[in-house]
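Single-letter residue listing:
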Amino acid sequence: MNKFKILVAKEISERDLSISFSKEHERKTDPEIDDYIEKSWEKALQENPRLFPGLKFRLSNIQEVDGKVILSLGITNYKEHIGTNISQILKQIIEKGKKDFNKEDIFLSNTLGNMCVVETSDNKIVFFKRSNKVSEYKGYIEIPGGHPEPSSIGITSDNIEYSKSQEEIKKALFDSAEEE
């Protein structure tokens with residue numbers, strides 16, 4: 001079984017992108033999984049006290065219709081990411097999603113990330129070595145990437161508003177790639 005799927009393999013401009021941003025795109029909760037998230041987060045904090053549960057966009061679905069890419073986004077956070085997508089029980093969480101909702105990623109955080117290929121003026125490609133102070137893939141080599149931050153458009157834990165326009169969200173996505 002492949003570890004990753006290629007969701008869209010083409011260059012996407014802002015005009016080629018459509019966003020569906022809604023609470024309905026958040027992950028489903030489950031008491032057992034939520035308890036595991038709490039325990040995983042406590043363990044992660046013991047290993048790296050610098051971590052914080054910042055808000056992230058959650059990728060619920062991606063599809064291409066008539067040449068336009070449609071992202072269905074909700075809100076999640078880094079704590080949920082630690083306790084689901086990179087957890088020791090990932091397979092069990094996926095199986096529960098399939099069993100309960102016929103959707104394998106329904107309980108997963110699925111934080112939306114970005115990665116960029118950067119070519120320098122002397123035709124070199126930029127790579128980074130990840131810090132040993134991060135919680136995942138310590139010391140790995142990667143291309144520039146990260147996560148668009150909902151806070152960049154005023155979405156905070158105290159103020160999760162799904163009324164943000166497509167244009168605001170698209171700008172946050174493209175700006176975050178450029179910032180990386």
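Described below are features of the structure shown in this document. (Residues numbered from 1 in each chain as written. Predicted model: local features only at pLDDT ≥ 70, side-chain atom pairs only at ≥ 80, totals over all residues. Heavy atoms only, no water.)

A few points about the sheet that holds strand β2 (residues 55-65)
Then step 1. As summarised here, the arrangement of the three strands in space is β1-β3-β2, forming an open sheet in which the pairing is mixed. Because the sheet does not close on itself, it has two edges, and the strands there are β1 (17-21) and β2. Neighbour-to-neighbour, the strand axes of this sheet turn through a mean angle of 30 degrees, independent of strand direction.
Then step 2. With five bridges joining them, β1 and strand β3 (residues 68-77) adopt parallel strand pairing. Each residue of the ladder has a partner; that of Ile 19, found in β3, is Leu 71.
Then step 3. Relative to the sheet, helix α4 (residues 166-179) contacts β1, β2 and β3, its axis offset from that of β1 by approximately 115 degrees. (Pairing = 2+ DSSP bridges. Helix = DSSP H or I, 4+ residues; strand = E, 2+ residues; numbered from the N terminus. Axes fitted to C-alpha atoms, helices over the stretch in contact; angles between N-to-C directions. Contact = heavy atoms within 4.5 Å.)

A word on the pairing of β3
Then step 1. Most of β3 sits inside the fold, with eight of its 10 residues counted as buried.
Then step 2. Across 10 bridges, β2 lies against β3 in antiparallel orientation. By the bridge assignment for β3, Phe 57 is matched with Ile 75.
Then step 3. Adjacent in sequence and paired antiparallel, β2 and β3 are bridged by two residues, among which Asp 66 carries a positive phi angle near 50 degrees. (Buried < 20%, exposed > 50% of the residue type's maximum accessible area, 1.4 Å probe, protein only.)

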